[in-house]
Amino acid sequence: MESFSFSIPQNIVFGAGSLKRLPELGKRIGGKKAYIISGPHLNKIGMVDKCADALRSEGIESEAFTETEGNPCTDTVKKAAKGYMESGADFIVAFGGGSPLDVAKAVAVVVSNGGDITEYEGVGKVKEITADIIAIPTTAGTGSEVTAFAVITDHSRNYKLTVGSEHIIPKYAILDPELIYSVPEKTAAACGVDALVHALEAYLSLAASPFSDMFAIKALELIGKNICPYVADRSNVKAAEAMLLGSLFAGIAFSHARLGNVHAMSHPVSAYFDVPHGVANAILLPTIVEFNALSDEGKYYDIYRAVSGKNIDSKDFSSGMLSDFLSKLNESLGIPAGLKTVGVSKDKFDVMADDAMKSGNILVNPRKTTKADILNLYSKAYI
Ligand SMILES: [Zn+2]
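Right, let's walk through the structure included here. In this text, all values refer to a predicted model and were calculated from it rather than measured experimentally. (Residues numbered from 1 in each chain as written. Predicted model: local features only at pLDDT ≥ 70, side-chain atom pairs only at ≥ 80, totals over all residues. Heavy atoms only, no water.)

Quick look at the packing of aromatic side chains
The geometry of an aromatic ring pair is captured by the separation of the ring centres together with the interplanar angle, meaning the angle of the planes. Stated formally: Pairing of aromatic side chains requires ring centres within 6.5 Å, counting the rings of Phe and Tyr and the six-membered ring of Trp. Pairs whose planes differ by under 30 degrees are stacked, by over 60 edge-to-face, and all others tilted. Secondary structure elements follow DSSP: runs of H or I of four or more residues count as helices, runs of E of two or more count as strands, with numbering from the N terminus. A simple rule labels every residue: compare its accessible area, found with a 1.4 Å probe on the protein chains alone, to the largest value its type can have, and call it buried under 20%, exposed over 50%, or partly exposed in between. Here, a charge over a ring means that NZ of Lys or CZ of Arg falls within 6 Å of the ring centre while also lying within 35 degrees of the ring normal.
Counted according to the given criterion, the structure contains eleven aromatic pairs. With a centroid separation of 6.4 Å and an interplanar angle of 45°, the aromatic rings of tyrosine 272 and phenylalanine 273 are classed as tilted. With 6.1 Å between their ring centres and 80° between their planes, tyrosine 304 and phenylalanine 325 make a pair best called edge-to-face. You can see tyrosine 304 sitting in helix H11 (residues 299-308) and its partner phenylalanine 325 sitting in helix H12 (residues 320-332), a full 21 residues away along the chain. A relative accessible area of 6% means that tyrosine 304 is categorised as buried. A cation over a ring is seen here: lysine 358 above tyrosine 159, with NZ or CZ 5.2 Å from the ring centre. Against the face of phenylalanine 291 rests arginine 367, its NZ or CZ located 4.0 Å from the ring centre.

Thoughts on the coordination of the zinc ion
Put simply, the test is: A donor here means an N, O or S atom no more than 2.8 Å from the metal, or no more than 3.2 Å when the metal is Na, K or Ca. Since water is not included, a site may seem to lack partners. The geometry test gives tetrahedral to four donors whose angles all lie between 85 and 135 degrees, gives square planar to four donors and octahedral to six donors whose opposite members are over 155 degrees apart with all other angles between 65 and 115, and gives irregular to the rest.
Within the first shell, the zinc ion binds the protein through Asp194 (OD), His198 (NE2), His263 (NE2) and His277 (NE2), at distances of 2.1 to 2.2 Å. What the four donor atoms of the zinc ion show is an angle range of 87 to 167° at the metal, which sorts the shape as irregular. For the zinc ion, the single-chain donor residues occur in sequence as D-x3-H-x64-H-x13-H. Placement of both aspartate 194 and histidine 198 in helix H6 (residues 185-204) is noted, with a separation of four residues, approximately one turn of the helix. For the pair aspartate 194 and histidine 198, one class covers both residues: buried.

Points about the environment of methionine 1
Relative to the helices and strands, methionine 1 is located in the segment before strand E1 (11-14). With a relative accessible area of 87%, methionine 1 lands in the exposed category. Each C-alpha atom of the pair methionine 1 and tyrosine 181 lies 42 Å from the other, and the pair is 180 residues apart in sequence.

Concerning the packing of H6 against H11
What counts, and what does not: Between N-to-C directions, angles span 0 to 180 degrees; the directions come from axes that are lines fitted to C-alpha atoms, helices contributing only their stretch in contact. Just so you know how the angles are binned, under 35 degrees is roughly parallel, over 145 roughly antiparallel, 65 to 115 roughly perpendicular, and the rest oblique. What makes a crossing left-handed is the near helix being turned counterclockwise from the far one by less than a right angle; a clockwise turn instead makes it right-handed. Here, residues are in contact when the closest pair of their heavy atoms is within 4.5 Å. Residues are grouped as follows: nonpolar covers Ala, Val, Leu, Ile, Met, Phe, Trp, Tyr, Cys and Pro; charged covers Asp, Glu, Lys and Arg; every other residue, Gly included, is treated as polar.
It is at 10 Å that the axes of H6 and H11 come closest, and there the two elements cross at 155°. In terms of their interaxial angle, H6 and H11 are classed as roughly antiparallel. Where H6 crosses over H11, the two elements pack in a sense that is right-handed. Residue-level inspection shows Leu196, Leu200, Tyr203 and Leu204 of H6 in contact with H11, the latter providing Lys299, Tyr300, Asp302, Ile303 and Val307. Residue composition of the contact of H6 with H11, grouped by class: seven nonpolar, no polar and two charged.

Spelled out as structure tokens, the structure:
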């Protein structure tokens, strides 16, 4: 066995109604004024007010920035960071799906260290964080509440840059299943498959360890069993709880084991064509699972049993059964069939492949991958 190290440094609070613990946790980190980073939809439906009210009930003032967009960009980070500085806040509440969480982490970096978020691209460039983050996901999910990564789109080069640092891991994560009951169906499907991809890629990653495997396989079981009932009825309490827990476990797994070709290739799809992250991943997933099958030494069987819940004998299993299962899952969840369907144009494949090859996730993908392979995979997913 390869040696490995592991730590889960954040504090996690899980359970229906746990949003009410926000002020208590804010006080625990010495917070007097919160800067809530969220999105326009959550603001419109009154969820941001709910968050602010919870804080006010315990004497913590807040200001909110609610302009985060899907695939959030460097300008949004600049704007939000300026707002934080002007607000006099001393901690950040990241409230929403992956975008607000990414923006919150990037804002924490910029307000603590100065400069522009682009200066912190890569791993280990952040010196310190003076603005602690309490992360409250409202989707299941990106797992961003427990990861050391923030992904921000740089429109000047159509590129999704990644900032990786243990300092940007939120101090607290509040996972309240009640907050994910009102997620729109399409978002629930895309975010759910994204969480499944996190677990699957972490499990297959060359950087996987027995610890990350344990989280990944449990996540696959939870998501596999609950994604369809949850998307069908987001207020299904049991399914929502299981999805939120699954996405948390998947987040823990991939923050240690990293990901693979699906994420490496989906970032350029989102950066060039503004396709939602979860949709881009879901579309690419079956094709890449098929590609990686050549390197499989038994993990595909584990994944298949976990996601399908079928306890079949290994002699009755072939790797094609997993990619078929995932294609059918996409179809039943209403995920668009291919890259063509979501408006990707072939003439960008070459630059997209160049960008995909820059991702660190290519290096931990189970099958060695070249630019020619990436081009081939984009073409295969182009339907
Ligand atoms: Zn993802």
